[in-house]
Amino acid sequence: MSDIVDEFIKLNIDEIKDFKFPLDELFGLEISHKGVKYNFMINFKSTSSKLICAGSGAHTGRAKGDLITPLFFSRWSWHKYFDQSFIVYTDPIFYLNDDVRIGWYIGDEDHWYLKTISDIILKLMENQDIKNEDVLFYGSSGGGFASLGLGTLIRESGVIVNNAQFFVLNYHQEHVDMAMNTLFEGRDIQEVYDKFPYRLDIVELFKKENYMPQIDYYVNADSNADLNNHAVPFINKASQLDCFNENLNIHFYHSNSGHDPLGNKETISIIKSYFINESPDGIKESEEKLKKENKKLKAKNKKLEKEIEHFKSTKAYKTWQKYAKLRKK
């Protein structure tokens with residue numbers, strides 16, 4: 001990380017609230033809490049009170065000298081594309097086993113990594129005076145799972161996910177086994193699920209918190225694994241909840257890219273549209289504002305029409321008409 005950022009800050013979780021962080025530049029942050037290291041890359045923008053948080057999902061392996069994903073941060077360089085503050089977080093499981101490719105922020109017997117990350121982000125928000133409703137969580141695949149969880153734990157925030165996992169145990173078995181063996185040392189997976197269902201199943205987390213966030217869910221209809229293992233069962237299970245949020249917007253698209261997310265350019269446009277209240281193609285969706293403006297214009301037109309009718313009945317108008325006829329001759 002030190003090869004990418006000029007400043008790398010190490011704090012305890014209680015030091016976050018009053019710390020003076022850099023503004024308008026990317027920096028690294030490591031928070032030590034109960035013996036676990038939580039790493040972030042952050043750019044707080046001095047001109048914005050809004051925040052985008054992006055989570056890392058699966059990675060392809062540790063590449064020597066590779067600066068694109070240090071500590072397996074996904075999309076850390078995207079901070080330069082947004083006017084909003086930007087935070088990227090990664091999974092502490094990657095400190096435990098070089099062979100692990102994805103961990104879903106499950107944590108171990110004593111630590112729920114995702115809950116601690118939500119606590120850290122809340123303290124960072126408080127430090128920068130950022131409100132919950134001004135926060136957007138974005139992620140794809142396992143990062144989408146984390147974003148859904150954080151959007152649930154930090155209420156009133158928004159969530160955008162692409163080909164997200166909703167049910168950890170529905171993912172590739174070898175990756176599930178690797179993560180669970182690393183975190184729970186070979187304990188039976190069903191036993192872990194019975195004890196911590198909300199860490200492995202997003203709908204169970206909704207039930208636990210009695211809350212479901214506003215979600216924009218993009219899913220490739222040509223990806224059978226995403227459609228059958230996550231999208232369909234999620235819709236079936238979530239729709240039965242008492243806390244079901246009708247602000248669930250599912251966007252199906254067709255692509256031969258399989259589980260891979262939409263391209264960077266399109267994704268960045270979607271995220272930007274969340275804040276500027278425009279659809280990705282730039283069309284304004286602020287109907288109420290347009291209706292008010294249209295109403296004002298109509299009122300002005302009526303007033304002008306009345307003034308014109310009144311002017312036509314005056315002696316001055318009749319004199320002007322006679323003068324205009326004479327000028328034509």
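Heads up: the structure comes first, above all this text.
Residues numbered from 1 in each chain as written. Predicted model: local features only at pLDDT ≥ 70, side-chain atom pairs only at ≥ 80, totals over all residues. Heavy atoms only, no water.

The helix and strand inventory of the protein chain stands at 10 helices and nine strands. The buried share of the protein chain, reckoned over its 329 residues, is 48%. Expressed as a percentage of contacts within the protein chain between residues at least 6 apart in sequence, the contacts between residues at least 24 apart total 64%. Of the accessible surface of the protein chain, which amounts to about 17,800 Å², a share of 47% is contributed by carbon and sulfur atoms. (Helix = DSSP H or I, 4+ residues; strand = E, 2+ residues; numbered from the N terminus. Buried < 20%, exposed > 50% of the residue type's maximum accessible area, 1.4 Å probe, protein only. Contact = heavy atoms within 4.5 Å. Areas by Shrake-Rupley, 256 points an atom, 1.4 Å probe, with all protein chains shown as cover.)

With that settled, the discussion passes to the pattern of salt bridges. Evaluation of the coordinates by the stated rule reveals nine salt bridges. The residue Glu 126 makes a salt bridge to Lys 17 at a minimum N-O spacing of 3.7 Å. Taken as a pair, Glu 126 in helix α1 (residues 113–127) and Lys 17 in the loop between β1 (8–12) and β2 (27–33) lie far apart in primary sequence, 109 residues in all. Given the relative accessible area of 47%, Glu 126 is considered partly exposed. Using a relative accessible area of 46% as the deciding quantity, one classes Lys 17 as partly exposed. The network of salt bridges with common partners includes Glu 109, Arg 187, Glu 191 and Lys 195. (Salt bridge = Lys/Arg side-chain N within 4 Å of Asp/Glu carboxyl O.)

Among the residues making up helix α6 (residues 202–209), those that are buried are Ile 202, Val 203, Glu 204, Leu 205 and Phe 206. Here the buried face of α6 lies against α2 (142–153), α4 (189–195), α5 (197–200), β8 (214–220) and α7 (224–238). The distance from a side-chain oxygen at the start of α6 to the backbone nitrogen of Val 203 is 2.9 Å, and the residue carrying that oxygen is Asp 201. Positive backbone phi, at 50°, marks Asn 210, one or two positions downstream of α6. (Polar contact = N/O pair within 3.5 Å; in protein donor to acceptor, adjacent residues only side chain to side chain.)

We now examine the packing of aromatic side chains. Across all of its chains, the model carries 18 aromatic pairs by this definition. Ring centres 5.4 Å apart and planes at 80° place the aromatic pair Trp 104 and Tyr 171 in the edge-to-face group. Pair noted here: Trp 104 is in the loop between β5 (85–89) and α1 and Tyr 171 is in the loop between β7 (158–162) and α3 (173–184), with a separation of 67 residues, a long-range link. You can call Trp 104 buried: its relative accessible area is 2%. Residue class for Tyr 171 comes out buried when judged on its relative accessible area of 14%. Ring geometry for Phe 166 against Tyr 217: centres 5.0 Å apart, planes inclined by 75°, an arrangement best described as edge-to-face. Placement of Phe 166 in the loop between β7 and α3 and of Tyr 217 in strand β8 is noted, with a sequence separation of 51 residues between them. When its relative accessible area of 0% is taken as the criterion, Tyr 217 is described as buried. Note that Arg 75 overlies the ring of Trp 78, its terminal NZ or CZ placed 5.4 Å from the centroid. Over the ring of Tyr 198 we find Lys 208; its NZ or CZ atom is 4.9 Å from the centre of that ring. (Phe/Tyr/Trp six-rings, centres within 6.5 Å; stacked < 30°, edge-to-face > 60°. Lys NZ or Arg CZ within 6 Å of the ring centre and 35° of its normal.)

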